Amino acid sequence: MLCRLAVADAYDPPAGYYSAATGSGATLKQQLHDVIDSHTVLPYNSDSSTDTRSALQVTDADPNNPGHILLVYDRVSLDVSGLAGPPTGWDFGATWDREHTWPRSRGIFESGADNTDLHAMRPSTPTVNGSRGNRNFGGAYGAQSFGIVSDSAPGMWYPGNADAGMIARSEFYMAVRYDGGDSATTNLELSAGNPADSGTMLGDLNRMIEWHFAAPPDDFERRRNQIIYDDYQHNRNPFIDRPEFVWSVFVDQSNDSRITIGGTTPNANGGSTRNVDLGRVFVGGAVPAAQSFTLNKTGNDGTYYEVTTSGAATSSIAGRFNAFRTNQTDSAAISVGLDTTTTSAGLRTGTVTIDNLDITTGGGTGRGANDANDTFNVSLAVLDHPLASFSFNIEQRERVIDFGILPIGSDTQSWASSLTNLAAFGAPEFAANLDLDGVTGVGETGAFQVDLAPFSGLEQGDFVAFDSLFFPDTVGQFAATYTLNLSDEDLPGEQTQQLTLSLMAQAILAGDFNRDNVVDAADYGVWRKSYGQSVPQYTGGDGDGDGTIGDGDYNVWQTNFGTTAAGSGEGRFSAAVPEPASVLLLAIGFVTACHCLRRADLRLNPRKALLAPMR
């Protein structure tokens, strides 16, 4: 099977970049600081390509408009291609300027590494930059466009929905990167609420946590992070690459989130499983559409989750930049399916796995990092057309049953057969179910019965047993042909097929050895001439069906002497049997005549006396 595991993309950190970040809480904060510390510091004004004014034109380039940059907060796409500079694309702050998202008045000096850190610097419209000033961030996510809000305190700044998550992660970075250890820097800290515009505090941490889970990193933010790493500072924002670190570093170690698949009951560890059967199609048919489900998050705490696929599975949600919001239960729609073909028969499968990425363990069993994975098992059966057969082992599409010769009045004859959805000897390896739509018969069907009713859903390798019956009630030779009308299971593109069952039999009068439909003296002659011979059952003078001409056959003839056939052909008819007195008179006369003939015959040929039975 093709494996479609999540792979690194162009914006992922190098392998092992965060390998040292194994702790939690304050320990993790310090470990991350050590990973991103000592970056390359850019000049603030140098009229060079490494100047922050030039760098921002690259990091914040509008991906949809060449020569434009996206300005923070108002998200204006600004054409800078005509600005002569120096540097090129700059007009001395008239059209755009540089916004320190962590204001200088809140702990940043103009000579330190934090003053030119691109992770917290954005191009902006000068008037918007002036409106923001040194205000703390605040405002509920999605409540309004960018601007001043009255949240936990008046005069806070909401960065707008497009920038809220990105701004939060910029400030998380600053609070980890700068602890006062670098020259001309201070220990920057995030605070809840609306701290005063002095010292090194920036708020509102609670709102930033909210924004972080409401607005995960998008391609613009991740590309920007990659450019800063590759081309300028050579360090990364860990909360873009690994957003699951935020809860442990800035909240606590007891995240209570649990993710489950809607309509399932999670196990004790929080994991849930949903089997998704996309159905059955014939080879060459269309692959069924993906099916829609819901992912539910219980618990009030926010969390990030990763969705990976394996086999041929597809998912409308992919990667690790997916989040459930904080301060509420939450849900997300997800569609899962298969990316496959139907050019050959077989079972197509794949798995979609949902992993709660939270790293904290204090929330208890099945919560946070203790929340087991949730899994969709997706399958599709691609089918060949079935092959019906009268045999378990080979393709047998016609069958002939000869019941042989039987005296009328014998018991109903039964012949066991089977109808198989063949799974051997050239049959398809992966075939659809088989339906019997009906059985039609032609010929002398009144003498026979096929005990086989319509059915559906006979799986490959299974069979249905049935009996073919012959009723030896009427003298005659009988033949009938039955057509078994079959079809595939009810799927688009189904086909039909037929099997043929031929039945034949002969019913005779007991003792009618010459087959003239009368038991009389002529039949005695047949018996007499074949006495002692071995013959096929009920042929010649065999009246009792043992295959040997003997005294028992004479008894059959004698018992039925004088019987005549009342009819032949279809239907159930009885032979005409004389009244007992007539039988007795006929028998006496016939025996007397035979005795006379026998005596004369013996006189002419004494050797026959040795062969004659004693009577």
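Conventions and cut-offs
- Residues numbered from 1 in each chain as written.
- Predicted model: local features only at pLDDT ≥ 70, side-chain atom pairs only at ≥ 80, totals over all residues.
- Heavy atoms only, no water.
- 1 Å grid on protein atoms, 1.4 Å probe; cavity = no way out; pocket = protein on both sides within 12 Å on 5 of 7 lines; lining within 4 Å.
- Points joined across faces, edges and corners; volume = space filled by probe spheres on them.
- Helix = DSSP H or I, 4+ residues; strand = E, 2+ residues; numbered from the N terminus.
- Axes fitted to C-alpha atoms, helices over the stretch in contact; angles between N-to-C directions.
- Parallel < 35°, antiparallel > 145°, perpendicular 65-115°, else oblique.
- Contact = heavy atoms within 4.5 Å.
- Core = buried A, V, L, I, M, F, W, Y, C linked by side-chain atoms within 4.5 Å.
- Buried < 20%, exposed > 50% of the residue type's maximum accessible area, 1.4 Å probe, protein only.
- Expected span 1.5 Å × (residues − 1).
- Nonpolar A, V, L, I, M, F, W, Y, C, P; charged D, E, K, R; others polar.
- Pairing = 2+ DSSP bridges.

Looking at empty space enclosed by the protein
And then number 1: Applying the stated criterion across every chain, the model contains one cavity of 30 Å³ or more.
And then number 2: Computed from the structure, the largest cavity encloses a volume of approximately 50 Å³.
And then number 3: Lining the largest cavity, in full, are His119, Met166, Ser170, Glu221, Arg224, Asn225, Ile228 and Ile240.
And then number 4: A per-element tally of the lining of the largest cavity places helix α6 (residues 219-232) first, with four residues.

With respect to the packing of helix α9 (residues 521-529) against helix α10 (residues 551-560)
And then number 1: Contact pair α9 / α10: the axes reach a minimum separation of 10 Å and the direction vectors enclose 175°. If you check the angle between α9 and α10, you find them roughly antiparallel. When α9 is examined against α10, the residues Ala521, Asp523, Tyr524 and Trp527 are found in contact with a partner set consisting of Asp553, Tyr554 and Trp557.

Observations regarding the nonpolar core
And then number 1: Leu32, Phe172, Leu190, Phe239 and Phe250 are the most contacted members of the largest nonpolar core, which totals 45 residues.
And then number 2: Elements with a contribution of two residues or more to this core: α1 (25-36), β6 (156-158), α4 (161-177), α5 (205-214) and α8 (245-250).
And then number 3: With eight residues, α4 is the largest single contributor of residues to this core.
And then number 4: Leaving out residues up to four positions away in the same chain, Phe250 has contacts with Phe172, Ala175, Val176, Leu190, Leu205, Ile209 and Phe239.

Let's talk about α4
And then number 1: Look at α4: 25 Å from first C-alpha to last across 17 residues, which is about the 24 Å you get at 1.5 Å a residue.
And then number 2: Within α4, 15 of the 17 residues are buried, which leaves it mostly tucked inside the rest of the structure.

Section: the packing of α1 against α4
And then number 1: Look at α1 against α4: their axes get within 8 Å of each other, and the N-to-C directions meet at 90°. Overall, the two elements α1 and α4 adopt an arrangement that is roughly perpendicular. Here Lys29, Leu32, His33 and Ile36 of α1 come into contact with α4, specifically with Tyr173, Ala175, Val176 and Arg177.
And then number 2: Counted by class, the contact of α1 with α4 contains five nonpolar, one polar and two charged residues.

A short note on the environment of Asp546
And then number 1: Within the secondary structure layout, Asp546 lies in the loop between α9 and α10.
And then number 2: C-alpha separation for the pair Asp546 and Ser534, spaced twelve residues apart in sequence, amounts to 8.9 Å.

Quick word on the pairing of strand β21 (residues 434-443)
And then number 1: In this sheet, strand β23 (residues 455-458) lies alongside β21 in antiparallel orientation, the contact comprising two bridges. The partner of Leu436 across the bridge, within β23, is Phe455.
And then number 2: In this sheet, strand β25 (residues 476-488) lies alongside β21 in antiparallel orientation, the contact comprising nine bridges. Across the sheet, the residue bridging to Asp435 is Ser487, located in β25.

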